[in-house]
Amino acid sequence: TLLEVLGYNGCLVPAMRLHATCLTLLDLVYLLHEPIYESLLRASIENSTPSQLQGEKFTSVKEDFMLLAVGIIAASAFIQNHECWSQVCTTEQDQHGCGAFAEHHWYCLGKHC
């Protein structure tokens with residue numbers, strides 16, 4: 001399952017609670033779609049003023065609903081169980097050095113909530 005791929009093998013989050021959190025986050029993303037994706041674009045290019053070409057290239061990310069689903073499920077699992085997420089972040093940071101990247105995106109998303 002997706003949660004196994006994310007490293008949540010040993011964490012038990014009740015499916016109903018996870019589902020409810022996913023629905024809430026989907027509502028939030030629906031309401032704040034533009035600010036969220038603008039923030040992600042600026043963070044991904046490390047520039048506060050993206051060019052038109054950069055914006056056009058980012059359209060594929062905005063339209064990738066599988067990516068959105070993965071992000072929603074991962075964020076919901078994080079919200080439901082922080083301890084397991086810290087294990088995943090440690091592993092990912094060791095392998096890819098992405099700990100700061102993830103922290104930055106949580107910060108950017110939090111500013112719009």
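Residues numbered from 1 in each chain as written. Predicted model: local features only at pLDDT ≥ 70, side-chain atom pairs only at ≥ 80, totals over all residues. Heavy atoms only, no water.

Under an unreviewed UniProt entry, the name given to the protein chain is CNTD1 isoform 4, and the source organism is Pan troglodytes.

S.K.: Could you clarify how one ought to interpret unusual backbone geometry in this entry?
M.R.: Across residues other than glycine, the phi torsion is negative in most instances, and most of the peptide bonds are trans. You will see that E46, though not glycine, has its phi angle at about 55 degrees, which is positive. As for its placement among the helices and strands, E46 is situated in the loop between α3 (33–45) and α4 (52–62). What makes E46 exposed here is its relative accessible area of 74%. (Helix = DSSP H or I, 4+ residues; strand = E, 2+ residues; numbered from the N terminus. Buried < 20%, exposed > 50% of the residue type's maximum accessible area, 1.4 Å probe, protein only.)

S.K.: How do you make sense of the nonpolar core when you look at a structure like this?
M.R.: Burial of nonpolar side chains together is a common tendency in soluble globular proteins. Within the largest apolar cluster, 14 residues are counted, with the highest numbers of intra-cluster contacts made by L18, V29, L68 and I72. If you list the elements that add at least two residues to this core, you get α2 (15–31), α3 and α5 (65–80). When residues no more than four places from it in sequence are discounted, the contact partners of L68 are L26, V29 and Y37. (Core = buried A, V, L, I, M, F, W, Y, C linked by side-chain atoms within 4.5 Å. Contact = heavy atoms within 4.5 Å.)

S.K.: How should the pattern of salt bridges be read in this particular structure?
M.R.: Any two side chains of opposite charge can pair, given that their charged atoms come close. Enumeration according to the criterion identifies 1 salt bridge in this entry. Across the salt bridge formed by E34 and K62, the nearest N and O atoms sit 3.3 Å from each other. Linking E34 in helix α3 with K62 in helix α4, this pair joins segments that are 28 residues apart in sequence. Look at E34 and you get partly exposed, because its relative accessible area is 43%. (Salt bridge = Lys/Arg side-chain N within 4 Å of Asp/Glu carboxyl O.)

S.K.: Whenever I open this one, the side chain of S76 confuses me. Can you help?
M.R.: Looking at the element boundaries, S76 is found in helix α5. For S76, a relative accessible area of 0% translates into the label buried. A distance of 3.3 Å separates a polar atom in the side chain of S76 from the backbone nitrogen of C22. Those residues in contact with S76, other than ones at most four positions away along the chain, are L18, T21, C22 and L25. (Polar contact = N/O pair within 3.5 Å; in protein donor to acceptor, adjacent residues only side chain to side chain.)

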